[in-house]
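So the chains spell out like this:
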Amino acid sequence: MFEYTNGEMCAEDVALSVIAAEVGTPAYVYSCGAFESRFHEFETALAGSNYLICYAMKANSNQAVLQLLAGLGAGFDAVSGGEVARAVAAGVQGKRIVFSGVGKSRDELSRALDAGVCQFNVESEAELAILNEIACSKGRVAPIAIRVNPNIDAGTHSKISTGKADNKFGIPISRVREVYQNAACLDGVRIEGLDMHIGSQLTDLAPYRQAFNTAGDLVRMLRGDGHAIDRLDLGGGLGIDYQGDADATPTAAEYCALVRQCTAELGCEIVIEPGRYISGHSGILLTEVIIVKEGESRTFVVVDAAMNDLLRPAMYGAFHRIEPVIAPQDGATLMPCDIVGPVCESSDTFAMQRQMPQVDVGQLLVIQGAGAYGAVMASEYNTRPLVPEVLVRGSRFAVIRHRPSIDDIIARDRIPSWL
């Protein structure tokens with residue numbers, strides 16, 4: 001939904017230069033149509049089966065985004081008490097919220113129980129004991145699935161791998177049977193399912209096949225032990241194309257076909273938790289060139305966006321396509337340049353030796369694929385205000401998170417009386 005129209009990139013029917021003039025830069029811009037299209041890919045692929053698509057809120061949790069997806073019938077995967085509260089504030093019923101996360105506090109568990117979440121994905125025996133204690137104290141029963149760590153290498157970046165034995169997530173597969181037996185003896189929890197998630201930004205279906213088949217074997221084993229496993233939560237992690245080669249990544253249809261194939265005989269409600277796939281290409285980061293600096297051996301294009309606005313390149317070495325808002329002329333000469341931000345860190349770099357047409361001060365650039373793990377990971381490092389977020393539908397747009405002023409940021413500090 002971000003395409004050139006008459007030589008200028010637009011978000012749906014709105015020219016990005018119009019948004020920059022009204023809102024300023026840097027700014028995140030999201031497309032309603034893109035969110036809807038991506039969500040419907042999963043709906044269409046799973047039609048006729050018993051499923052729940054729980055959008056992984058950690059990818060992008062703006063209230064407007066959540067309401068948009070809730071209106072489409074999405075459920076939500078929350079990984080903190082704050083995300084549960086965000087979903088509830090967006091009008092989502094607890095029965096459509098799955099509460100995941102490796103370190104849920106007592107207060108978070110208590111509040112989620114009060115919210116009536118449909119499932120707690122329990123990540124440790126310690127968490128199981130605490131949840132049971134809280135539920136019993138309230139005279140309640142918490143619906144649970146045990147998250148299993150299957151020791152499967154998803155072949156993704158080490159910082160977003162979650163299914164290997166040396167990752168912090170889930171209960172070791174060797175202890176699953178014993179933990180389920182222990183859970184069945186507790187009065188404050190009710191076993192409803194099994195949960196498994198092996199990582200993020202997966203672009204190969206082979207690890208999924210291994211994980212899904214392992215999950216199916218566990219479901220059959222646990223049912224044989226007398227446990228009612230009616231829901232199978234397969235997690236998320238389906239990757240997107242950041243490079244501009246759509247054929248290099250599986251589609252939602254291909255992923256869901258594999259889900260169907262591996263789970264058809266189980267008779268479970270299937271839960272999937274896509275986040276990046278739905279929101280990644282539904283948003284861009286709009287930025288302006290503030291300086292073009294000739295270094296000793298390279299050209300630096302300094303933009304007004306920085307690593308505190310979009311952390312992925314600095315944190316993961318992640319690649320994002322970067323394009324000018326005004327389309328270059330056909331045959332324009334390309335030159336290598338480093339596209340960097342103004343933060344006082346060498347890691348504040350969006351691209352190194354990227355081939356770009358001539359870039360001038362004041363020019364607007366688009367950082368593509370920034371709708372996931374962009375605004376949610378932003379900070380105010382260097383006392384840089386959080387980037388505003390803008391949502392577009394057709395020819396209309398609205399600011400869905402305002403940019404605070406520097407005075408607002410400073411005013412939050414408190415000086416003790418004894419200084």
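Thresholds, definitions, all that
- Residues numbered from 1 in each chain as written.
- Predicted model: local features only at pLDDT ≥ 70, side-chain atom pairs only at ≥ 80, totals over all residues.
- Heavy atoms only, no water.
- Pairing = 2+ DSSP bridges.
- Helix = DSSP H or I, 4+ residues; strand = E, 2+ residues; numbered from the N terminus.
- Patch = residues over 30% accessible without salt bridge, like charges linked within 9 Å, V, L, I, M, F, W, Y side chains within 5 Å.
- Areas by Shrake-Rupley, 256 points an atom, 1.4 Å probe, with all protein chains shown as cover.
- Salt bridge = Lys/Arg side-chain N within 4 Å of Asp/Glu carboxyl O.
- Buried < 20%, exposed > 50% of the residue type's maximum accessible area, 1.4 Å probe, protein only.
- Axes fitted to C-alpha atoms, helices over the stretch in contact; angles between N-to-C directions.
- Left-handed = near helix turned anticlockwise from the far one by under 90°.
- Contact = heavy atoms within 4.5 Å.
- Nonpolar A, V, L, I, M, F, W, Y, C, P; charged D, E, K, R; others polar.
- Core = buried A, V, L, I, M, F, W, Y, C linked by side-chain atoms within 4.5 Å.
- 1 Å grid on protein atoms, 1.4 Å probe; cavity = no way out; pocket = protein on both sides within 12 Å on 5 of 7 lines; lining within 4 Å.
- Points joined across faces, edges and corners; volume = space filled by probe spheres on them.
- Phe/Tyr/Trp six-rings, centres within 6.5 Å; stacked < 30°, edge-to-face > 60°.
- Lys NZ or Arg CZ within 6 Å of the ring centre and 35° of its normal.
- Expected span 1.5 Å × (residues − 1).
- Arc of directions from axis to C-beta.
- Polar contact = N/O pair within 3.5 Å; in protein donor to acceptor, adjacent residues only side chain to side chain.
- Parallel < 35°, antiparallel > 145°, perpendicular 65-115°, else oblique.

Looking now at the sheet that holds strand S2 (residues 8-11). Spatial strand order, S1-S2-S3: three strands in an open sheet with antiparallel pairing. Among the strands making up the open sheet, the edge pair consists of strand S1 (2-5) and strand S3 (14-15). With two bridges joining them, S2 and S3 adopt antiparallel strand pairing. Bridge pairing links Ala-11 to Val-14 in S3.

We now examine a nonpolar patch on the surface. Nonpolar side chains collect at one region of the surface, where Ile-415, Trp-418 and Leu-419 lie side by side and expose about 490 Å² of accessible area between them. Here Leu-419 shows up in the segment after helix H12 (406-411). When its relative accessible area of 73% is taken as the criterion, Leu-419 is described as exposed.

It is worth spelling out the pattern of salt bridges at this point. Under the defined criterion, the tally for this structure stands at 19 salt bridges. Note that Arg-106 is salt-bridged to Glu-133, the shortest N-O span being 3.1 Å. Of this pair, Arg-106 sits in helix H5 (residues 106-115) while Glu-133 sits in helix H6 (residues 125-137), placing them 27 residues apart in sequence. Glu-192 is the partner of Arg-231 in a salt bridge, and the nearest nitrogen-oxygen pair spans 3.0 Å. Taken together, the positions of Arg-231 in strand S12 (residues 231-233) and Glu-192 in strand S11 (residues 189-195) put the pair 39 residues apart, joining distant regions of the chain. Each of Arg-190, Glu-192, Arg-231 and Glu-269 takes part in a single network of salt bridges with overlapping partners.

In this section: unusual backbone geometry. The omega torsion across Thr-25 and Pro-26 is -5 degrees, close enough to zero to call that bond cis. Structurally, Pro-26 can be placed in the loop between helix H1 (16-23) and strand S4 (27-31). Phi is positive for Gln-201, close to 60 degrees, though the residue is something other than glycine. Locating Gln-201 in the fold gives a position in the loop between S11 and helix H8 (206-224).

The N-to-C vectors of helix H2 (residues 32-46) and helix H9 (residues 252-263) enclose an angle of 35 degrees; their axes lie 9 Å apart at closest approach. Here H2 runs over H9; the crossing is right-handed. Residue-level inspection shows Glu-41, Phe-42, Ala-45 and Leu-46 of H2 in contact with H9, the latter providing Ala-252, Ala-253, Tyr-255, Cys-256 and Arg-260. For the contact of H2 with H9, the residue count by class is seven nonpolar, no polar and two charged.

Across soluble globular proteins, nonpolar side chains show a tendency to be buried alongside one another. One finds Phe-42, Leu-69, Phe-120, Ile-144 and Leu-194 to be the most contacted residues of the largest nonpolar core, which totals 98 residues. Of all the elements, H8 adds the most residues to this core, at seven residues. Excluding residues that lie within four positions of it along the chain, Leu-194 makes contacts with Ala-145, Ile-146, Val-148, Tyr-180, Ala-215, Leu-218, Val-219, Leu-222, Ile-229, Arg-231, Leu-232 and Asp-233. By size, the runner-up hydrophobic cluster in this structure holds 17 residues, among which are Leu-16, Ile-19, Val-29 and Leu-364.

In this approach a probe as big as a water molecule rolls over the atoms, and the regions it shows empty are the leftover space. Reported here for the second largest pocket is a volume of approximately 450 Å³. Here the element with the most residues in the lining of the second largest pocket is H2; it accounts for three residues.

Time to look at the packing of aromatic side chains. Per the stated rule, a full pass over the model turns up nine aromatic pairs. By way of ring pairs, the aromatic residues Phe-42, Tyr-208, Phe-212, Tyr-255 and Tyr-277 are connected into one cluster. Note that Arg-38 overlies the ring of Tyr-277, its terminal NZ or CZ placed 4.2 Å from the centroid. Sitting above the plane of the Phe-99 ring, Lys-104 keeps its charged end 5.5 Å from the centroid.

This next bit is on the side chain of Glu-83. Its location among the elements puts Glu-83 in helix H4 (residues 81-89). Residues in contact with Glu-83, not counting those within four places in the same chain, are Met-57, Lys-58, Asp-77 and Ala-78.

Turning our eyes to something else, we now look at H6. The terminal C-alpha atoms of H6, which comprises 13 residues, lie 19 Å apart, in line with the 18 Å expected from a rise of 1.5 Å per residue. Taken together, the buried positions of H6 are occupied by Glu-127, Leu-128, Leu-131, Asn-132, Ile-134 and Ala-135. End-on, the buried residues of H6 take up no more than an arc of 165 degrees, which puts them together on one face. Seen from the buried face of H6, the exposed residues on the opposite side, beyond 90 degrees, are Ala-126 and Ser-137. Elements that come into contact with the buried residues of H6 comprise H5, strand S8 (119-122), strand S9 (142-149), helix H7 (176-184) and S11. In the segment just after H6, Gly-139 is the residue with positive phi, at about 65 degrees.

Turning our attention to H2. Over its 15 residues, H2 runs 22 Å from end to end, which matches the ideal 21 Å to within 8%, given 1.5 Å per residue. What H2 keeps buried is the set Cys-32, Gly-33, Ala-34, Phe-35, Glu-36, Arg-38, Phe-39, Phe-42, Ala-45 and Leu-46. For H2, the capping residue at the N-terminal end is Ser-31, with a side-chain oxygen 3.3 Å from the backbone nitrogen of Gly-33. In the stretch just after H2, Gly-48 is the one whose phi turns positive, near 90 degrees.

Attention now goes to the packing of H2 against helix H3 (residues 63-71). One can describe the packing of H2 onto H3 by two numbers: an axis separation of 10 Å at closest approach and a directional angle of 45 degrees. One way to sum up the angle between H2 and H3 is to call them oblique. Once H2 is placed against H3, the crossing between them reads as right-handed. From H2, Cys-32, Phe-35, Glu-36 and Phe-39 reach across to H3, where they touch Val-65, Leu-68 and Leu-69. Split by residue class, the contact of H2 with H3 holds six nonpolar, no polar and one charged.

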